[in-house]
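# A look at the structure
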Amino acid sequence: RSDFEAHYKELSDNILAARGRFLTTDRNKGHKRNTKQYNNTPRRASRSLSAGMMAGMSSPAKPWFRLGTHNKALREVGPVKRWLADVERLMFAIFSESNFYNTLAQVYDELGTFATAPMAIYENFENVIRCQAFTVGSYFLSVNGQGVVDSMYREYQLTVGSLVSQFGIENVSEAVGRNFRNGTTEAWIDVIHVVEPNDKRDGMKPGPPPMAYRSVYYEKSETQNKFLREKGFEEFP
């Protein structure tokens, strides 16, 4: 990624000044970042492109996809057609009730300027799914032998209080636990998140097969090989 960072920073400075996070400490900063922009022309152009992509490809106001089957004859079977229609309506309802469209707007903003923009989709008890967009510079992507993105790595910061709230005090390091008990809850901690193919997956073993993708969180400074959370996904999220 380092080969592209100079380009990303230049695009950020001149078009989307509020986007881009190239240092883990570059968070919660309210200072002006658009000092290199003469006027709002680039921002308006980016906004117009993003709005056009949203309206043309995934408008919240109208159906923008149809479910089907690879077998064309199967699509015309009555029960199959009804099942596909029911699932379509359910998916559109989930998208509307969740933060899917708000997050997608951020994705289109960055996609038009930086030519890449990941969005993660996680399971959520209240809204079925929860989406999260990541700004350029805050993540690393890797592709497999077919050129398909199958891994994402990101480094970010959480406060001691947020870390304990999200992962539980029993899973954080001794230093973080000590800070939390002492009331030092606003200190910043570097966290690494890894999503990658599970190379230890063995479908021949008895019992439920392990997840196809591993998802691991850990403190960057942790030296005891202790994970904050180790879970996985059946498909790349």
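Preceding block: the structure.
Residues numbered from 1 in each chain as written. Predicted model: local features only at pLDDT ≥ 70, side-chain atom pairs only at ≥ 80, totals over all residues. Heavy atoms only, no water.

## So, helix H4 (residues 78–97)
Between the first and last C-alpha of H4 there are 29 Å, a value that for 20 residues agrees with the 28 Å anticipated at 1.5 Å per step. Along H4, the residues classified as buried are Leu-84, Glu-88, Phe-92, Ile-94 and Phe-95. Taken down its axis, H4 places every buried residue within 160° of arc, on the same side. Exposed and facing more than 90 degrees away from the buried side of H4 are Pro-79, Arg-82, Trp-83, Arg-89, Leu-90 and Glu-97. The secondary structure elements touched by the buried residues of H4 are helix H5 (100–114) and strand E2 (128–133). (Helix = DSSP H or I, 4+ residues; strand = E, 2+ residues; numbered from the N terminus. Expected span 1.5 Å × (residues − 1). Buried < 20%, exposed > 50% of the residue type's maximum accessible area, 1.4 Å probe, protein only. Arc of directions from axis to C-beta. Contact = heavy atoms within 4.5 Å.)

## Quick word on the sheet that holds strand E7 (residues 229–233)
Overall, antiparallel pairing links the 5 strands, which are arranged E3-E4-E5-E6-E7 in an open sheet. Of all strands in the sheet, those bounded by a partner on one side alone are strand E3 (139–143) and E7. Taking the axes of each pair of neighbouring strands and ignoring which way they run, one obtains an average angle of 15° across the sheet. Alignment of E3 against strand E4 (residues 149–159), held across 5 bridges, turns out to be antiparallel. Each residue of the ladder has a partner; that of Ser-142, found in E4, is Ser-151. Packed onto the sheet, helix H6 (residues 160–167) meets E4, strand E5 (188–197), strand E6 (213–219) and E7 and runs at close to 130° relative to E4. (Pairing = 2+ DSSP bridges. Axes fitted to C-alpha atoms, helices over the stretch in contact; angles between N-to-C directions.)

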